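Reading the structure
Listed here are the chains, written in short residue letters.
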Amino acid sequence: MATSSVSKGCFVFKPSAKKKKKTLSLESYFVQGCEDAESSEIRFRLCQELWDEIKTDTEVRTDVHVLLYLLDFTRKCSSTRQNSDWTSQMRASEIPTAALMLGVNVPDHDMTFQSLSDMLKQSVSPHVASVQAKECGALKHLMKKVLERLMDTVVVVDDEDEEENVETSPRVHRSMHCSLGILCDWYTARTKKSPTGTPGKKRSSQVRDEQQQPPVVIIFKDLEAFNPRVLQDFILICSQYIDRLPLTFIFGIATSPSTIQHMLPHSVSSLLCIELFQSLSCTQHLATVIDKLILASRIHFKLNGKVMQVLIGVFLYHDFSVRNFIKGLQLALLEHFHSQPLSVLCCKKKQALFNVTQLSKPNLDRIRQLPSFKRYVEKQEAQEQVNLMTDDSHLKEVCQQLIKDLHKYHKNYYPILRCLHTLTSSLPRYPLGKQIRELYLICLAKNVWENEDYQSAMKLVKMLAKGEMVSLLQKCVEILQLSKSKKMKNALVQLEELLAKFKQLDTATEMTPTVEASIPSPIKNLQKKTDLFQLQKTLLEMNESRRAKRLSPFENLRNEALEFIDNLVKSHLSPPESQPLYEVCYYSSSATVRRHLNATPRTSIQAALSNPYYYLQVHLLHEDGTVSNTAPDICIAYKLHLECGRLINLYDWLEAYSTVVSAAEGNDQDSENFGKVDEVKHARFIRAVSALEFLGFIKSTKQKTDHVARLTWGGC
Amino acid sequence: MTALLQHPGYDEERLKGVAEKLPCREVQAGMLLSLMGQPHQYSYPSIFIYGHRASGKSHVMHVLMKELELSHATVSCVECVSIALLFEQVLLSFFGCDAASLLPRSPSLSDFVRVYRQQCSQSPAKQTRYIVMEKAELLRDTDASLLSALLRLQELVEDNVTVILLSEIAWDKFRPNTGCFEPLLLHFPDYSKSELQQILSQNVHPSYSAGFYSAYINILLGVFYSVCRDLRELRHLAALNFSKFCEPLAEGKVKETDTHKLWKHIEPHLKKAMQTVYLREVSSLQWEQMQQMEEEEAGALRGLSAHTHVELPYYSKFLLIAAYLASYNPARTDKRFFLKHHGKIRKTNFLKKNEKTSNHLLGPKPFPLDRLLAIFYSVVDSRVAPTASIFSQISSLVTLQLLAQVSHDDQLDAPKYKCAVSLDFICAIARTVNFDIVKYLYDFL
């Protein structure tokens, strides 16, 4: 670069503003490679709105009550410590410890601890430090982390102490070895200095300070991962300072509380006063999240059955992590808005109706292409069909109606789903699943009433006793009361009538005694006869009579109720695929989600080796089945090794390799040098083989000289 | 009694105070005093005191130092994560912070000696200085020369200083290979039952008579003495259960002197305490709450070890089962369990000499990752793609301490693991996935 300076020297050139790489905003990332760029802005905005809504919904902790108990516990501990009667003097001063059981879904714990420490800081004590096992390999580090976090938090929180902390904190850092003694001094300095206390009122403020000694809370996020030795030593040290420093521990435990006993010997655990706190199990947590995000008509973005299956499968089979579940939902959301141009219609009803009017010509054509719309068109009359396919404004009108219908469908769908769930969730052997998500998956797949399990469930419901039936229906009434749609209100009225009838029965049955006795009992006859034919006949008769037996009023009513429920199910729980324009709201690419969430490194490597075209996209390689000569060395070596047995002779392999490569170079097949191994080929081969060894396909063996062992099975 | 604690160098009144504060330890205190000699006299360079937990070692030292106003530095070795901290604390309590700040960063022993001598020449000792090191057994883990140097610190710094080491471990376990200066050994024996009785009875509850409290202690010791002789723990238990003991008295059913009835009332209660609160199954806070609750309610409160159930994702369960099988079955028998046409191999045929003993008695054996996965794929009932999350589950099982990684973290090639769960645990896990694990275990064939 040129300078205008005459003198020699070093000059700093700041890159000019134009050259600076413009950092892309989120939106431009979204728009890039997005189908139908016109509407992409709207879609991006809709997507973000939805995601914000989901985020705020999930931020509200479901196990808040556990955390509240914990807060109570820490408060109680700090208050009991300060009274000085005989018992507390005599008692060995234990460190109050809360063992918080969180389940094995470790990634989720961060959220919990974050909200816990926020709550603690707000309402109990400003002195909260949380430590993780991986940053505390040795006692030294643990100590340092605890001190840093405790003292630093104060710097942030309190401006008054700025000066003092400027003094103290370098001292800590300079002397490098920090002990709890320093913390103790710091703590007493903090608590002694009452911000309002004037020298004259020294006594009274002293008393108040004693009452207001906030506890120092140390959170061990993952107890299992801590080195037991470090933890033991730390507890031992803390117990020496407990009379001066009101410490409280919180252990985050992923497995079971007995780990505490495994990790700490009696001499150490006797220094702790451990209390257990059980958080919600992860499946319960998932249920609440599904309840909030998936089974809500408020959020218009939906997942189809397969995608749900993938997400739930990842949760149940792999990680038990609710956070990952929500991440998966986020991915689906992004993908949907990114890849589906018609997702402009996936929003609130008013906006969606407006967006319909704004639809561009290509988008209208896209609507006409939708399978669900095609099905809808086929059902219409001939003239209407032509209109729909040709007249854009007519199509827009119809679309508006269809969108309205879709919204109505959702509004009715979820209450009925919940009703059906309450009715069937307590049946023996759970034909329709214990959890609502199972029922939801069944309903998404196909018409639920054609399902065998549904029929068996209904049969079981038919056998319910009166008390149970009434209480279940009562619950259904409560569910329907929450819904605002017209149809649900109608259903509610009907259901309430039914319930009233059930209640009337109580009084009615007392009036009319049963007339069961009048029916002649064939069982008595049965005992007399021994003839096989006769027996069969009587059995048939018995069957007949049972069928013909007059139903009691209760049974009649029960059947009526069931029929009512059945009708509701049939009219509202049809799968989303049956609704025209369902593609607007439902994301259906389960393969994409699976590929992103459940990576298969091994399969990808194998795909890359056996079919390099898949990744390289070079047309020369576009061949099926056979080894392409022009493929990368490692692919050729890989293909050749597939043809070998358990042990591979390196020399044979090299020969084969060099033949293939020579052919690729276009050497004359008849020439003398064809297939000869030269140095370059040799080196290339060795490199390919060592790469294969690194990837774990072969390994060196001592069984035979010049051979390598193959580690994978399955031929070419 | 006080006759034992007579020493020309110290004030008689003070010695009396010391004797009162050290019940049942007069002999040891007297011995120590005579070892220490008069304040201005040089003392023996190092004294090693050992005795069990809560046998009064630290207490005796503390009282002696405080009451007789001797210049001393008390250092707890657990707290000294680095020797720098140890040096700093010693210098701090002898010469003030200025001296401590003279130490360089990460000081060596010679730095310490240099600073000490320098300070010592400025303010020479008129009296013996004492360095009391608690939990001295941890000194063995530090630099080998530190212990030997401390033992003859008097020579090194040329000052009237005595190092007193307190430990729960006998001196034999300390002696370094290279040999060292032998300190004077002093043993603190355990308190006998009557001594415990005497010491515990001193903490009388202010609103009850001494005789009554002593009777309570007698009963308490009767129950607990066989399992616990730790004074600290006993005192704690005494405090926890005293309110229950006084209950009939408060209700006016019994008089203070009616020991038998009181015993009948408290004995089952103490037995229960032994099983729960003493083992820390139940925390002392919960124990106190339980005492106020009704009997049937208290039954609902479960101890720590009662919660053993662990919820795991589906494949993690199978991974754990596979790990268990790999740990407890000999590798040669895998063919027998997991191949369809394995032929008939009788157990006796391939018994090797060392395999005759039960594998469960020998504990888990390490196994490579390959074997774990091979077994996993054959026990899991559906086709599982080898996804990244399967592998990450293995490492999360390691962090949950259900598996243990045997090979070093750096070894990426073929990591080895051990299964760290018990048979009961794995049986419970296997039951939830309907897998009959006993059928696959070589020991139960």
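An unreviewed UniProt entry annotates chain B as Origin recognition complex subunit 5 originating from Oreochromis niloticus. Under the Function (unreviewed entry) heading, UniProt states for chain B: "Component of the origin recognition complex (ORC) that binds origins of replication. DNA-binding is ATP-dependent. The specific DNA sequences that define origins of replication have not been identified yet. ORC is required to assemble the pre-replication complex necessary to initiate DNA replication." In UniProt, chain B has this text filed under Subunit (unreviewed entry): "Component of ORC, a complex composed of at least 6 subunits: ORC1, ORC2, ORC3, ORC4, ORC5 and ORC6. ORC is regulated in a cell-cycle dependent manner. It is sequentially assembled at the exit from anaphase of mitosis and disassembled as cells enter S phase."

An unreviewed UniProt entry annotates chain A as Origin recognition complex subunit 3 of Oreochromis niloticus. Under the UniProt heading Subcellular location (unreviewed entry), the note attached to chain A is "Nucleus". One UniProt comment on chain A, placed under Subunit (unreviewed entry), says "Component of ORC, a complex composed of at least 6 subunits: ORC1, ORC2, ORC3, ORC4, ORC5 and ORC6. ORC is regulated in a cell-cycle dependent manner. It is sequentially assembled at the exit from anaphase of mitosis and disassembled as cells enter S phase."

**Focus on the overall build of chain B**
In terms of regular secondary structure, chain B is built from 20 helices and eight strands. Over its C-alpha atoms chain B spans a radius of gyration of 31 Å, topping by over 25% the 22 Å that the globule rule assigns to 445 residues. With respect to the principal axes defined by its C-alpha atoms, chain B has extents near 90 × 70 × 40 Å. Looking at chain B as a whole, 49% of its 445 residues are labelled buried. Within chain B, counting contacts between residues at least 6 apart in sequence, those at least 24 apart form 70% of the total. For chain B, the exposed surface amounts to about 21,900 Å²; the carbon and sulfur share of it is 52%. Positive and negative charge centroids in chain B, built from 48 and 47 side chains respectively, lie 11 Å apart.

**A closer look at the packing of helix α15 (residues 314-328) of chain B against helix α19 (residues 388-399) of chain B**
All names here are of chain B. α19 packs onto α15 with a crossing angle of 65 degrees between their chain directions and a minimal axis gap of 10 Å. In terms of orientation, α15 and α19 fall into the roughly perpendicular class. Considering only the axes of α15 and α19, their crossing is right-handed. In contact with Y315, S316, L319 and L320 of α15, α19 contributes I390, Q393, I394 and L397. Tallied by class, residues from the contact of α15 with α19 come to six nonpolar, two polar and no charged.

**Looking at the packing of helix α10 (residues 210-224) of chain B against helix α11 (residues 231-251) of chain B**
Residue and element names in this part refer to chain B. Closest axis-to-axis distance for the α10/α11 pair is 10 Å, and the angle between their directions is 120 degrees. As summarised for this structure, α10 and α11 are arranged oblique, according to the angle between their axes. In this structure, the crossing between α10 and α11 has a hand that is right-handed. Residues F212, Y213, Y216, I217, I219, L220, L221 and F224 of α10 form the contact with α11, whose participating residues are L234, L237, A238, N241, F242, F245, C246 and L249. Grouping the constituent residues of the contact of α10 with α11 by class yields 15 nonpolar, one polar and no charged.

**Regarding the side chain of N160 of chain B**
The topology assignment puts N160 of chain B in the loop between α8 (153-157) and β4 (161-167). For N160 of chain B, the residues in contact, after removing those within four places along its chain, are P39, H40, Q41, Y42, S43, A125, Q127, T128, R129 and Q154 of chain B.

**Remarks on the pattern of salt bridges**
Residue and element names in this part refer to chain A. Going through the model one piece at a time under the given rule, you end up with 26 salt bridges over all chains. A salt bridge links R418 to D291, with the nearest nitrogen and oxygen atoms 2.6 Å apart. Highlighted residues: R418 in helix α20 (residues 392-424) and D291 in helix α13 (residues 282-293), separated in sequence by 127 residues. The exposure class assigned to R418 is partly exposed, which follows from its relative accessible area of 21%.

**Some remarks on the environment of K255 of chain B**
Residue and element names in this part refer to chain B. As for its position among the elements, K255 is in the loop between α11 and α12 (259-275). Note: C-alpha distance between K255 and L231 (24 residues apart in sequence) is 29 Å. Other than its neighbours up to four places away in sequence, K255 contacts L249 and L262.

**Brief notes about the sheet that holds strand β4 (residues 247-253) of chain A**
All names here are of chain A. Within the open sheet, the five strands sit side by side as β2-β3-β4-β1-β5. Their pairing is parallel. Only two strands of the sheet have a single neighbouring strand rather than two, namely β2 (128-131) and β5 (272-278). On average, each strand axis in the sheet is tilted by 20 degrees relative to the strand beside it, whichever way the strands run. Bridge analysis of strand β1 (residues 95-101) against β5 gives seven bridges, and the strand direction is parallel.

**Looking at the state of the cysteines**
A covalent bond between the sulfur atoms of two cysteines is what we call a disulfide. By the definition in use, this model includes zero disulfides over all chains. Not part of a disulfide, C347 of chain A finds its nearest cysteine sulfur in C346 of chain A, a span of 6.9 Å.

**Structural notes on the interface of chain B and chain A**
Taken together, the 58 residues of chain B in the interface contact 58 residues of chain A. Taking both sides of the interface into account, the surface hidden between chain B and chain A amounts to around 4,900 Å²; carbon and sulfur atoms contribute 61%. Summed over the shared surface of chain B and chain A, the result is one salt bridge. For D141 of chain B, the salt bridge identified is with R229 of chain A, shortest N-O distance 3.7 Å. At the junction of chain B and chain A, the tally comes to ten residue pairs in polar contact (both at pLDDT 80 or more). For the side of chain B that touches chain A, the secondary-structure elements that each account for two or more residues are α4 (83-95), α11, α13 (284-292), α15 and α19 of chain B. Tallying contributions element by element places α11 of chain B first for the side of chain B that touches chain A, with seven residues. Taken together, the residues of the side of chain B that touches chain A break down into 26 nonpolar, 19 polar and 13 charged.

**Some points on the UniProt feature "domain: Orc1-like AAA ATPase" (unreviewed entry) in chain B**
Mapped onto the present numbering, the UniProt feature "domain: Orc1-like AAA ATPase" (unreviewed entry) falls on residues 21-164 of chain B. Taken end to end, residues 21-164 of chain B comprises 47% helix and 14% strand; its first and last C-alpha atoms sit 20 Å apart.

**Observations concerning the packing of aromatic side chains**
Per the stated rule, a full pass over the model turns up 51 aromatic pairs over all chains. Between Y414 of chain A and Y440 of chain A the ring centres are 6.2 Å apart and the planes differ by 50 degrees, which places this aromatic pair in the tilted class. Here Y414 of chain A is found in helix α20, whereas its partner Y440 of chain A is found in helix α21 (residues 436-445), with 26 residues between them in sequence. Looking at Y414 of chain A, the relative accessible area reads 4%, which means it is buried. Y440 of chain A gets classed as buried once you look at its relative accessible area, which sits at 0%. Ring pairing ties together the aromatic residues Y317 of chain A together with Y314, Y315, F318, F337, F338, F376, Y377, F435 and Y440 of chain B, which thus form one cluster. Across the ring face of F94 of chain B, the terminal group of R129 of chain B is positioned such that the distance to the ring centre comes to 5.7 Å. In this arrangement the basic side chain of R140 of chain B is found over the ring face of F174 of chain B, its NZ or CZ atom lying 5.3 Å from the centre.

**What about helix α6 (residues 109-122) of chain B?**
Residues and elements named next belong to chain B. Over its 14 residues, α6 runs 20 Å from end to end, which matches the ideal 20 Å to within 8%, given 1.5 Å per residue. For α6, the complete set of buried residues consists of D111, F112, V113, V115, Y116, Q119 and C120. Each element contacted by the buried residues of α6 is listed here: α4, α5 (97-101), β3 (129-134), α8 and β4.

**Regarding a positive patch on the surface**
Residues and elements named next belong to chain A. Taken together, K349, K404, K408, K411, K484, K486, K487 and K489 make up a surface patch of like positive charges. Elements with a contribution of two residues or more to the positive patch: α20 and α24 (486-511). Tracing the chain through its elements places K349 in helix α16 (residues 349-357).

**What about the side chain of E94 of chain A?**
As for its placement among the helices and strands, E94 of chain A is situated in the loop between α4 (86-90) and β1. Apart from the residues within four sequence positions on either side, E94 of chain A is in contact with I242, S270, L271, L272 and C273 of chain A together with H236, R280 and S284 of chain B.

**Thoughts on the pairing of strand β10 (residues 707-710) of chain A**
Residues and elements named next belong to chain A. The pairing of strand β8 (residues 647-649) with β10 spans three bridges and is antiparallel. Within the sheet, the bridge partner assigned to N649 lies in β10 and is H707. With three bridges joining them, strand β9 (residues 698-700) and β10 adopt antiparallel strand pairing. Residue K699 lies in a different strand from β10, and its bridge partner there is A709. Counting the residues between successive antiparallel strands, the hairpin from β9 to β10 contains six residues, one of them, D706, with a positive phi of roughly 60 degrees.

Calculation notes
Residues numbered from 1 in each chain as written. Chains lettered and ligands numbered in written order. Predicted model: local features only at pLDDT ≥ 70, side-chain atom pairs only at ≥ 80, totals over all residues. Heavy atoms only, no water. UniProt positions renumbered as here; feature names shortened; annotations may be inferred. Helix = DSSP H or I, 4+ residues; strand = E, 2+ residues; numbered from the N terminus. Rg over C-alpha atoms; globule rule 2.2 N^0.38 Å. Buried < 20%, exposed > 50% of the residue type's maximum accessible area, 1.4 Å probe, protein only. Contact = heavy atoms within 4.5 Å. Areas by Shrake-Rupley, 256 points an atom, 1.4 Å probe, with all protein chains shown as cover. Lys, Arg positive; Asp, Glu negative; His and termini not counted. Charge placed at Lys NZ, Arg CZ, Asp CG, Glu CD. Axes fitted to C-alpha atoms, helices over the stretch in contact; angles between N-to-C directions. Parallel < 35°, antiparallel > 145°, perpendicular 65-115°, else oblique. Left-handed = near helix turned anticlockwise from the far one by under 90°. Nonpolar A, V, L, I, M, F, W, Y, C, P; charged D, E, K, R; others polar. Salt bridge = Lys/Arg side-chain N within 4 Å of Asp/Glu carboxyl O. Pairing = 2+ DSSP bridges. Disulfide = S-S within 2.5 Å. Buried area = accessible area lost by both parts, 1.4 Å probe. Polar contact = N/O pair within 3.5 Å; in protein donor to acceptor, adjacent residues only side chain to side chain. Phe/Tyr/Trp six-rings, centres within 6.5 Å; stacked < 30°, edge-to-face > 60°. Lys NZ or Arg CZ within 6 Å of the ring centre and 35° of its normal. Expected span 1.5 Å × (residues − 1). Patch = residues over 30% accessible without salt bridge, like charges linked within 9 Å, V, L, I, M, F, W, Y side chains within 5 Å.

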